[in-house]
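One letter stands for each residue in the lines below.
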Amino acid sequence: MYGNFQQYLQEEIQKIKDAGLYKNERILVSPQGAKIKINTGQEVLNFCANNYLGLSNNKELIDAAKKALDSHGYGMSSVRFICGTTDLHKILEQKIAEFFGTEDTILYAACFDANGGVFEPLFNEQDAIISDALNHASIIDGVRLCKAVRYRYNNADMNDLEQKLIEAQAQRFRIIVTDGVFSMDGNVAPMDKIIELAEKYQALVMVDESHSAGVVGKTGRGVTELYNCRGKVDIITGTLGKAFGGAIGGFTTGRKEIIDMLRQRSRPYLFSNSLPPMVVAAGIKMFDMMASTNVLQEKLHANVNYFMNKIQQAGFDIKPTQSAIVAVMLYDAKLSQDFAAELLNEGIYVIGFYYPVVPQGLARIRVQLSAAHEFEHIDQCVEAFTKVGKKLGVLKN
Ligand SMILES: *Cc1c(COP(=O)(O)O)cnc(C)c1O
C-alpha cells in the first residue's frame, strides 16, 4: 500500500519546496540565549527566540529544576487526576493565579493544549465564539473541537467585533476570544474596548497572553495590566514556553467555576500526562522572581525602545509595536529571504516572513527583543541590517 501513498507524499513535499515554503531546521549546539552556537560552528546573535526575559538558560531556574529532580523525581507517569498531582503543581497553579489576579489555574502540557481544551467543555451549539481573525492556530483548533456557532472578526477591528456581537445575540452565551499580542505585527488587542463591548453585549472575554505575559505592561502582567482591566477577563491562557523560562507547559487561569469545570471535562488535561516536577519547580521559582522584581521587564522595554529608535534612524520602516516583536518591513517576499540569509552571514539570526504567513506584499523580518540582549548586541544587529540594507538596495544612501 505504501507505494502510492509514498509517491503522493513525495509530490506534495516537492510542491512545498517549489513554493519555497519548505521549513529547514537550524541546529543549535548551545543553550538558548542572546548568543547561540549552531552546528556549522558559527556563533550568532539570536533575535528570533521567544526568550523575552532571557530566562531560558537562567541559573536560578536550572538550580530549582535540579533540586526538584532530587526531591520529586523525573516524571509523573500519570495524568493529574489519577496520581499526577504533586504539591508543586498546586503551588504553581496558585502562583499563576496571583500573578494574573485570577481565582484559580489549571496546568496543561502546553498552551496549545490549554486552547485546545478550553471551549468544548464550556460551550455547545447554543453558544457563540467570536474570534479575532489573527488568533493563534491553537485557538482556531480549539474552536473547531467545540459545537458553538463561530464568528470571526477582522484583526483588532472593534466595529467588526460589534457587528458580530449583534449577530451573536441569537445565541445563549457569547465569548470574545483574542490573542493578547499578535505575533506577526507585535500589536496588542485593544482590551479596554473589547471589555466595553463585552459588557454592552453580554459576552464573556478570553485572552491568550502567550506573547504578552511577562512582556507587556509595566510589571509584565500582560494586556490586562496594560489596559488596567485585571479581574475583568474571564479566561486567560498562556505558556511557560516563551517569556516564562521557555521550557514547556501551558495554563488556563480565571474564574473559579470555569477552572473547576475544565478539571472535570477538559480532554487534554484528563487524557495527557502531567508536567514533570522539575519544570513545575522552575516555574514556581520564576513566578517568585516576577513577584519580587521588575528588572527584567524594565531591561526588555529599554531594549525594545533602543532597537526601534536605532532601526528607524537607520532608514527602515517598522510596524508600530506594543510588545517585544518588531516587524522590519521589506514588503517583497524574495527580498525578505535574501535579507535574512545575508544577516546570518553577518552573525544575526532572524527570520523573514512572507505570504501566506503575512498578507501579500507585506513581507518582513521579524525581530524579537530579549532582556538577554545588551545594547551592544542591538548595535551589532542594526549595523548588520544597515550593511545588508545598502547591499540589497533597501537603503538608498
Ligand atoms: C506560542 C503560542 C501558543 C502555544 O504555546 P505552547 O505552550 O508552545 O503550546 C499558543 N497561543 C499563542 C498566542 C502563542 O503565541
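These figures come from a predicted structure and were not determined experimentally. (Residues numbered from 1 in each chain as written. Predicted model: local features only at pLDDT ≥ 70, side-chain atom pairs only at ≥ 80, totals over all residues. Heavy atoms only, no water.)

1. Brief notes about the domain arrangement of the protein chain
Phase 1 of the analysis: Partitioning the protein chain into structural domains gives domain 1 (18–47 + 294–391) and domain 2 (59–292).
Phase 2 of the analysis: Placing the centre of domain 1 and that of domain 2 at their C-alpha centroids yields a distance of 28 Å.
Phase 3 of the analysis: Taken together, the contacts link 19 residues of domain 1 with 20 residues of domain 2.
Phase 4 of the analysis: A combined buried area of about 1400 Å² lies between domain 1 and domain 2, and 53% of that area is made up of carbon and sulfur atoms.
Phase 5 of the analysis: Among the residues of domain 1 in contact with domain 2, Asn-294, Gln-297 and Gln-322 are the three that bury the most area, contributing 37% of the side total.
Phase 6 of the analysis: The interface formed by domain 1 and domain 2 contains two salt bridges.
Phase 7 of the analysis: Of the charged contacts in the structure, one is a salt bridge between Asp-185 and Lys-319, with a shortest N-O distance of 3.8 Å.
Phase 8 of the analysis: Joining domain 1 to domain 2, the criterion identifies nine residue pairs in polar contact (both at pLDDT 80 or more).
Phase 9 of the analysis: Of all elements in the fold, only α13 (295–313), β11 (325–331) and β14 (363–368) reach the threshold of two or more residues within the side of domain 1 that touches domain 2.
Phase 10 of the analysis: Top element by residues in the side of domain 1 that touches domain 2 is α13. It accounts for four residues.
Phase 11 of the analysis: A per-class count over the side of domain 1 that touches domain 2 returns nine nonpolar, seven polar and three charged. (Domains from an automatic or database assignment. Contact = heavy atoms within 4.5 Å. Buried area = accessible area lost by both parts, 1.4 Å probe. Salt bridge = Lys/Arg side-chain N within 4 Å of Asp/Glu carboxyl O. Polar contact = N/O pair within 3.5 Å; in protein donor to acceptor, adjacent residues only side chain to side chain. Helix = DSSP H or I, 4+ residues; strand = E, 2+ residues; numbered from the N terminus. Nonpolar A, V, L, I, M, F, W, Y, C, P; charged D, E, K, R; others polar.)

2. A closer look at the sheet that holds strand β2 (residues 43–46)
Phase 1 of the analysis: Spatial strand order, β1-β2-β12: three strands in an open sheet with mixed pairing. Bordering the open sheet on either side are β1 (35–37) and β12 (348–349), each of which pairs with just one other strand.
Phase 2 of the analysis: As paired strands, β1 and β2 are joined by three bridges and run antiparallel to one another. If you follow Lys-35 over to β2, its bridge partner there is Leu-45. (Pairing = 2+ DSSP bridges.)

3. A word on the sheet that holds strand β3 (residues 104–108)
Phase 1 of the analysis: The mixed open sheet is built from seven strands, whose spatial order is β3-β9-β8-β7-β6-β4-β5. Whereas interior strands pair on both sides, the edge strands pair on one side only; in this sheet they are β3 and β5 (149–153). On average, each strand axis in the sheet is inclined to that of its neighbour by 20°, with strand direction left out of account.
Phase 2 of the analysis: Note: strand β4 (residues 128–132) against strand β6 (residues 174–179), four bridges, orientation parallel. For Ile-129, the partnering residue across the bridge sits in β6 and is Ile-175.
Phase 3 of the analysis: With respect to the sheet, helix α10 (residues 256–265) is in contact with β3, β8 (235–239) and β9 (250–254), its orientation differing from that of β3 by roughly 30°. (Axes fitted to C-alpha atoms, helices over the stretch in contact; angles between N-to-C directions.)

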